[in-house]
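Each chain is listed here by its residues.
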Amino acid sequence: MRQYRDDKDGKMSKFDYSVCLAAKSTTSIQLAANELADIVYLVTGKNVDIFAFEDVSTVNANKKIVLSLFSENEVYSKTFKSDYMHLLNSDGFAVRVLGEDIVILSHTPAGVFFGVHDFLEKNFDVVFSRGAEEMAIDFIESENVEIKIKDYCEKSPFTVRAYQMCGEGKKGLDHIDDGTALYLARNKINGTAHGYSERWY
């Protein structure tokens, strides 16, 4: 479980939703969960619990944002069968409502990561604008955010999406650095123009 951060009054202010993911989730999905919690806190000042379970559909929490691969849970594959079929062989994603839960689904870990950040852009009015850590996210603080856009599916018509990167990164690497790689991933970029095979995931 994520450790709470105190607000200015020393009290624990929690977000309405907890984040849930499978216990054996990949690094990309774990990163997506942490990004979701951190950016919600950045915008609202509210803490977000993160739970990892063997079966996320059985988690006893009032409201959940579930991050899952279709292959991790048969319930989601059957309930959202049209999304399952539409998103085959892609890193597209679906954001759906099931009861009081919001479920972000994909066939790939990258797709879940992309779905989380698209969900944040649409509902928390954030812009992932730069690779530099101190200026990476543009946002407006708002304690009360209403999640309105939570029932849609997105699949890019382009299998590879890339930017042309020039020069050296912060650590002297040609064309790239960790911050830029994260910036590209947050914007659903899955390749680099100087080498299409060099995907970040």
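Please read all numbers here as calculations on a predicted model, not as lab measurements.

### With respect to helix α5 (residues 178-186)
(1) Moving on: For α5, the complete set of buried residues consists of T180, Y183, L184, A185 and R186.
(2) Moving on: Buried residues along α5 sit in contact with α1 (27-44), α4 (109-124), β6 (127-128), β7 (137-138) and β9 (162-163).
(3) Moving on: Downstream of α5 by one or two residues, K188 has phi in the positive range, about 65 degrees.

### Topic: the side chain of K46
(1) Moving on: Take K46: it is sitting in the loop between α1 and β2 (50-53).
(2) Moving on: Here K46 occupies a buried position and makes no salt bridge, while the nearest side chain of opposite charge, E143, is found at 4.7 Å.
(3) Moving on: Dropping the residues within four chain positions of it, K46 is found in contact with S13, K14, F15, V40, Y41, E143 and N144.

### Concerning the packing of aromatic side chains
(1) Moving on: All chains considered together, the criterion is met by six aromatic pairs.
(2) Moving on: Judged by centre distance (6.1 Å) and plane angle (40 degrees), the ring pair of F15 and Y17 falls under tilted.
(3) Moving on: By relative accessible area, F15 is classed as buried at 11%.
(4) Moving on: Of the residues examined, Y17 reaches a relative accessible area of 10% and is grouped as buried.
(5) Moving on: By way of ring pairs, the aromatic residues F15, Y17, F119 and F124 are connected into one cluster.

Conventions adopted
Residues numbered from 1 in each chain as written. Predicted model: local features only at pLDDT ≥ 70, side-chain atom pairs only at ≥ 80, totals over all residues. Heavy atoms only, no water. Buried < 20%, exposed > 50% of the residue type's maximum accessible area, 1.4 Å probe, protein only. Helix = DSSP H or I, 4+ residues; strand = E, 2+ residues; numbered from the N terminus. Contact = heavy atoms within 4.5 Å. Lys, Arg positive; Asp, Glu negative; His and termini not counted. Salt bridge = Lys/Arg side-chain N within 4 Å of Asp/Glu carboxyl O. Phe/Tyr/Trp six-rings, centres within 6.5 Å; stacked < 30°, edge-to-face > 60°.

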